[in-house]
Amino acid sequence: MFIETVKWVGGIDGHLEMIDQRLLPSRFELLACRDTEALFEAIRTLAIRGAPAIGVAAAYGLCLAARAIPQDADGARAMIRITQQADYLASSRPTAVNLFWALDRVRRSAHAYATLKGFTLEGFRETILTQAHAIADEDKQMCLQIGRFGEPLVPDGGTILTHCNAGALATAGQGTALSPLYEAHRKSKRFSVFADETRPLLQGARLTAWELQQAGIETTVICDTMAAWLMKQGRIDAVIVGADRIAANGDTANKIGTYGLSVLAAAHGVPFYVAAPSSTFDLSIPDGSRIVIEQRNGEEVTTFRGIRLAPEDVGVYNPAFDVTDASRITAIITERGVIERPTKETIAEVLSRVRRS
Ligand code: MRU
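Nothing here was measured: the structure is a model prediction, and the numbers come from that model.

J.: Explanation requested: the domain arrangement of the protein chain in the structure shown.
T.: Often the size quoted for an interface is simply the accessible area lost on bringing the parts together. Per the domain assignment, the segments making up the protein chain are domain 1 (6-145) and domain 2 (152-356). A straight line from the C-alpha centre of domain 1 to that of domain 2 covers 26 Å. Each partner contributes residues to the interface: domain 1 has 34 residues there, and domain 2 has 40 residues. Looking only at domain 1, the three residues that lose the most surface to domain 2 are Arg49, Thr95 and Met142, adding up to 21% of its buried area. Linking domain 1 with domain 2 are one salt bridge. One salt bridge in this structure joins Arg93 and Glu294, with 2.8 Å as the shortest N-O distance. Inspection of the region where domain 1 meets domain 2 yields 18 residue pairs in polar contact (both at pLDDT 80 or more). When residues of the side of domain 1 that touches domain 2 are traced back to their parent elements, those giving at least two are helix H2 (51-67), helix H4 (97-114) and helix H5 (121-150). Broken down by element, the side of domain 1 that touches domain 2 gets its largest block of residues, nine residues, from H5.

If you want it as structure tokens, here you go:
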């Protein structure tokens, strides 16, 4: 059984419920979002985070937007509202492409319905909810498939290093980078995990350690600075991380610190895997230089939960993500198969495969 990170409660008049990840691991609380403003804030402040989970939440966000459409609206007016609100939600975070992908997908199905002769507002709202449910269900399936394809890469008796959180808390299902670990655990493989704490917001220490513990997987938290020393001692057999956006050539944006790990892995001969669903690929950009990197508030670096860690007014650099060159990635594990030594051609070939369910 997996943690339910995000779910829609009720029918077309329902609301969105999510685990408030800002509070983990000290408190487990659910957060209800009943309008797009509440959801925007939840995404911006990382109550919900992780590329696929943001996409699913945003898709449901358009159900919240549809709730606020006046009863007498026709298809054109309903679409104006949905388009405005999709643009608004899209501005909550810039890097994870799943956000734009999911909003665009819902917007397109809403548009197809809005132009029908027999338009009713109820039918419009049903259409949007159905599409959002489909995105959430597919995400669960994609996570499972990534787990199945990735499980053979988890060595029996081995040790895996992961960064940030690309688990159940980051998706609607059992995660991306952590999914092969869950499958390996299910098959009774013996292995253990090192979780980078992931400064500055500690997604590894707070979230990955928490969810792996819930699953009974042996986990050790390390400061990000310790990974190199572990590799030098030969104590890491593979690195598996998630992704926020993968360009057509395989360059991959993920949580800040991922690029450094890829350099370390190459220097120590450790395989470096990225696990991500097809919804995380952005084939419209040729390489990683076109990925927008989110810059976050410097307070995230200089304070933690209200405690000051650095002097007031000191300069701060706080990019939330970095880009790992495709050449440093051993393989990308997707729901359609494993892309070894990713290139534009191998990515296009694997992504063109029909999804297996
Ligand atoms: O800032 P976050 O916590 O949203 O960053 C999350 C990551 O970088 C994850 O590794 C990525 O989104 C993949 S989640 C399956």
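J.: What is the right way to read helix H7 (residues 203-214) from this model?
T.: Along an α-helix, residues three or four apart share an orientation, since each turn contains 3.6 residues. With twelve residues, H7 should reach 16 Å at 1.5 Å per residue; the first-to-last C-alpha distance of 16 Å fits that figure. Of all twelve residues that make up H7, nine are buried, and the element is covered over most of its length. For H7, the complete set of buried residues consists of Gln203, Gly204, Arg206, Leu207, Thr208, Ala209, Trp210, Glu211 and Leu212. Against the buried residues of H7 lie strand S4 (158-162), helix H6 (179-186), strand S5 (191-196), strand S6 (219-222), strand S9 (252-255) and strand S12 (303-304). Gly216 lies just past H7 and shows a positive phi near 80°.

J.: Would you mind going over the packing of H2 against helix H3 (residues 75-90) with me for this structure?
T.: Axis angle and axis distance: for two packed helices, these are the angle between their axes and the distance between the axes, and together they describe the pair. Between H2 and H3, whose axes approach to 10 Å, the crossing angle comes to 140°. Taken together, H2 and H3 sit at an angle that is classed as oblique. Note that H2 runs across H3; the crossing there is right-handed. Residue-level contacts link Ala58, Gly61, Leu62, Ala65 and Ala66 of H2 to Arg81, Ile82, Gln85, Ala86 and Leu89 of H3.

J.: Even after reading the chapter, I still don't get the layout of surface pockets, so can you show me in this structure?
T.: Sizing a probe to match a water molecule and rolling it over the atoms shows the empty space that remains. The volume enclosed by the largest pocket comes to roughly 380 Å³. Surrounding the largest pocket, 14 residues form its lining, Arg22, Thr45, Leu201, Arg296 and Glu300 being those nearest its centre. Breaking the lining of the largest pocket down by element, the ones donating at least two residues are helix H10 (299-302) and S12. In the lining of the largest pocket, the residues fall into three nonpolar, four polar and seven charged.

J.: How should the pattern of salt bridges be read in this particular structure?
T.: A full pass over the atoms with the stated rule returns 22 salt bridges. Residue Arg107 pairs with Asp87 through a salt bridge whose shortest N-O separation is 3.2 Å. Remark: Asp87 occurs in helix H3 and Arg107 occurs in helix H4; sequence separation between them is 20 residues. With a relative accessible area of 22%, Arg107 lands in the partly exposed category.

J.: Is there a simple way to explain the site of the ligand in this structure?
T.: In the vicinity of the ligand lie 16 residues, with Arg49, Ala51, Arg93, Asn254 and Lys255 positioned nearest. Within the contact set of the ligand, an oxygen atom lies 2.8 Å away from a side-chain nitrogen or oxygen of Arg49. Contacts to the ligand include Arg93, whose side-chain N or O atom sits 2.8 Å from an oxygen atom. Within the complex, the protein chains bury 100% of what would otherwise be the 420 Å² of accessible surface of the ligand. Taken atom by atom, the bulk of the ligand overlaps the largest cavity. Contributions of two or more residues to the shell around the ligand are made by H2 and S9. Of the residues contributing to the shell around the ligand, the split by class is seven nonpolar, five polar and four charged. The residue makeup of the shell around the ligand includes at least three contributed by each of domain 1 (6-145) and domain 2 (152-356).

Reading the values: the criteria
- Residues numbered from 1 in each chain as written.
- Predicted model: local features only at pLDDT ≥ 70, side-chain atom pairs only at ≥ 80, totals over all residues.
- Heavy atoms only, no water.
- Domains from an automatic or database assignment.
- Contact = heavy atoms within 4.5 Å.
- Buried area = accessible area lost by both parts, 1.4 Å probe.
- Salt bridge = Lys/Arg side-chain N within 4 Å of Asp/Glu carboxyl O.
- Polar contact = N/O pair within 3.5 Å; in protein donor to acceptor, adjacent residues only side chain to side chain.
- Helix = DSSP H or I, 4+ residues; strand = E, 2+ residues; numbered from the N terminus.
- Expected span 1.5 Å × (residues − 1).
- Buried < 20%, exposed > 50% of the residue type's maximum accessible area, 1.4 Å probe, protein only.
- Axes fitted to C-alpha atoms, helices over the stretch in contact; angles between N-to-C directions.
- Parallel < 35°, antiparallel > 145°, perpendicular 65-115°, else oblique.
- Left-handed = near helix turned anticlockwise from the far one by under 90°.
- 1 Å grid on protein atoms, 1.4 Å probe; cavity = no way out; pocket = protein on both sides within 12 Å on 5 of 7 lines; lining within 4 Å.
- Points joined across faces, edges and corners; volume = space filled by probe spheres on them.
- Nonpolar A, V, L, I, M, F, W, Y, C, P; charged D, E, K, R; others polar.
- Near = heavy atom within 4 Å.
- Areas by Shrake-Rupley, 256 points an atom, 1.4 Å probe, with all protein chains shown as cover.
- Sits in = over half its atoms within 2 Å of the grid points.

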